[in-house]
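Chain and residue survey
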Amino acid sequence: MRMTYLRIAVLSLACVAGQSAQAQLFGDDQARQAILDLRQRFDQSVAAQNRLVDENTQMRRSMLDLQQQIESLRGELARSRGQEEQLTRDLSELRKLQTSQQSLEDRLRKLESAESARLATEAAASSTQPPPLPSDSAGASEKQDYDAALAVFRAGDFKGSQTGFANFIKRYPRSNLAPSALFWLGNAQYATRDYKEAITNFRSLLTASPNHQRAPEAMLSIANCQIELKDTRAARATLESLVKTYPQSEAAQAGRERLSRLK
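Because the structure is a prediction, the values reported are computed rather than measured.

Reading the values: rules and limits
In this numbering scheme, every chain counts its residues from 1 along its sequence in written order. In view of the model being predicted, local features appear only for residues whose pLDDT reaches at least 70, and side-chain atom pairs are presented and counted only at 80 or more, with totals across whole chains, interfaces and linings using the full set of residues. Excluding hydrogens and water, the side-chain figures rest on all heavy atoms present in the structure. Only runs of H or I of at least four residues qualify as helices and only runs of E of at least two qualify as strands under DSSP, and these elements are numbered from the N terminus. Each residue is placed in one exposure class: buried if its accessible area under a 1.4 Å probe, protein chains only, is under 20% of its type's maximum, exposed if it is over 50%, and partly exposed if it falls in between. By the convention used here, residues are in contact when the closest approach between their heavy atoms is within 4.5 Å. Working definition of accessibility: Shrake-Rupley area with a 1.4 Å probe, residue cover restricted to the visible protein chains. Classification of ring pairs rests on two measures: the distance between centres of Phe, Tyr or Trp rings, Trp counted by its six-membered ring, which must be within 6.5 Å, and the angle between planes, read as stacked under 30 degrees, edge-to-face over 60 and tilted in between. A helix is expected to reach a length of 1.5 Å times the quantity of its residues less one. Throughout, an axis means a line fitted to C-alpha atoms (over the contacting stretch in the case of helices), and angles, computed between N-to-C directions, take values from 0 to 180 degrees. Relative orientations are named as follows: roughly parallel for angles under 35 degrees, roughly antiparallel for angles over 145 degrees, roughly perpendicular for angles from 65 to 115 degrees, and oblique for any other angle. Two helices cross in a left-handed way if the nearer one is turned anticlockwise from the farther one by less than a right angle. They cross in a right-handed way if the turn is clockwise. Residues are sorted three ways: Asp, Glu, Lys and Arg are charged, Ala, Val, Leu, Ile, Met, Phe, Trp, Tyr, Cys and Pro are nonpolar, and all the rest, Gly among them, are polar. One speaks of a salt bridge when a side-chain nitrogen belonging to Lys or Arg is within 4 Å of a carboxyl oxygen belonging to Asp or Glu. The predictor attaches a confidence to each residue, and that confidence, scored 0 to 100, is pLDDT. Joining through side-chain atoms within 4.5 Å is the link that ties buried Ala, Val, Leu, Ile, Met, Phe, Trp, Tyr and Cys residues into a set, and such a set is a nonpolar core.

A tally of regular secondary structure across the protein chain gives eight helices and zero strands. Across the 263 residues of the protein chain, 27% fall into the buried class. In the protein chain, once contacts between residues fewer than 6 apart in sequence are set aside, the share between residues at least 24 apart is 54%. Counting every atom, the protein chain has about 18,500 Å² of accessible surface; 56% of that belongs to carbon and sulfur.

In total, this model carries eight aromatic pairs according to the counting rule given. Geometrically, the ring pair formed by Tyr 190 and Tyr 195 is edge-to-face, given 5.5 Å between the ring centres and 65° between the ring planes. A relative accessible area of 9% places Tyr 190 in the buried class. Taking the relative accessible area as the measure of exposure, Tyr 195 reaches 12% and is therefore buried. Taken together, Phe 153, Phe 158, Phe 183, Trp 184 and Phe 202 form an aromatic cluster joined through their ring pairs.

Owing to its 3.6 residues per turn, the α-helix brings residues three or four apart onto one side. Taking 1.5 Å per residue as the helical rise, helix α6 (residues 215–228) with its 14 residues ought to reach 20 Å, and the 20 Å between its terminal C-alpha atoms agrees with that figure. Across the 14 residues of α6, 13 count as buried, placing the element largely inside the fold. Lys 230 sits one or two residues past α6 and shows a positive phi near 65°.

If you want to describe how two helices pack, look at the angle between their axes and the distance between the axes. For the pair α6 and helix α7 (residues 232–245), interaxial distance at closest approach is 8 Å and the crossing angle is 165°. Comparing the axis directions of α6 and α7 gives the class roughly antiparallel. The hand of the α6/α7 crossing is left-handed. Of the residues in α7, those in contact with Pro 216, Met 219, Leu 220, Ile 222, Ala 223, Gln 226 and Ile 227 of α6 are Ala 234, Ala 235, Thr 238, Leu 239, Ser 241 and Leu 242. Its residues placed into classes, the contact of α6 with α7 shows ten nonpolar, three polar and no charged.

Below, the discussion takes up the pattern of salt bridges. In this structure the tally under the stated criterion is two salt bridges. Taking the shortest distance from any N to any O, the salt bridge between Lys 143 and Asp 147 comes out at 2.6 Å. One end of the pair is Lys 143 and the other is Asp 147, both in helix α2 (residues 137–154) and four residues apart, which spans about a single turn. Using a relative accessible area of 29% as the deciding quantity, one classes Lys 143 as partly exposed. With a closest N to O distance of 3.0 Å, Arg 171 and Asp 145 form a salt bridge. Within this pair, whereas Arg 171 is found in helix α3 (residues 158–171), its partner Asp 145 is found in helix α2, the two being separated by 26 residues in sequence. Using a relative accessible area of 55% as the deciding quantity, one classes Arg 171 as exposed. The exposure class assigned to Asp 145 is partly exposed, which follows from its relative accessible area of 25%.

This part is about the confidence of the model for the protein chain. When pLDDT is averaged along the protein chain, the result is 78; 71% of the residues meet or exceed 70. When pLDDT is averaged over each helix and strand of the protein chain, the minimum, 66, is found for helix α1 (residues 2–127) and the maximum, 96, for helix α5 (residues 195–208). Low pLDDT, under 50, characterises residues 119–138; the predicted model gives this stretch one contact beyond four residues in sequence or across chains.

Here we come to the nonpolar core. The biggest cluster of nonpolar side chains holds 40 residues, and the ones touching the most others in it are Tyr 146 and Phe 165. If you list the elements that add at least two residues to this core, you get α2, α3, α4 (178–191), α5, α6, α7 and α8 (250–261).

Another point: the packing of α7 against α8. Running from N to C, α7 and α8 point in directions that differ by 140°, and their axes come no closer than 9 Å. In terms of axis orientation, α7 runs oblique to α8. Here α7 and α8 pass one another in a crossing that is left-handed. The residues of α8 that touch α7, namely those facing Arg 236, Leu 239, Glu 240, Leu 242 and Val 243, are Ala 251, Ala 252, Gly 255, Arg 256, Arg 258 and Leu 259. The residue makeup of the contact of α7 with α8, split by class, is six nonpolar, one polar and four charged.

The following block contains the structure:
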């Protein structure tokens, strides 16, 4: 009987131990599964984070490319604006040059008319005088050289005419035609935008022959050169002197008009 109870107790203990081992086995499996699940979620999280990093890197590259394109477009726009501004300045200079050329041509026509009238008067006066002495051949040479330089000027070769008039003045400094040569030399230099040298020669005319018929035009031309040089104060002073010194001349009338337009 006692053996029976003992066997029953042993069997009971064995069952309990088996159940405990089975419970422990089931707990370990669940823990392993939980760890596997955590690892899987961790791996998925890492993968998602890596994708975000890649996408962020790609987005930054795209933004950098876009910024470079924007900077390139800005550079092209700046160059286009610079070219447009340069074209505007060139057009303004061309218009100014055309205006100056037209003004020069107008003055040239007026001066040629006055020159023709003067020559006609001299010719009429000389017809009542005795013929020149044979020693007057130098005067004929002067006239020939002067006319040759003037013909070059009228042909529009302003550089060539500068050489011709400069040589004439050097060769015939005391000639009656020297003041006129100075005047045309100054005009030729004005036409080639050599304004400072033009002013020098116009002033030489005024110093040597202040009563010469070209003197008012020479003073007006000085003012025009000063205007081209952006020296408005000097131009105003020259024009005021022109109006005061030669009030009845056509140049003085033009000077008054220019004075009213000067700022």
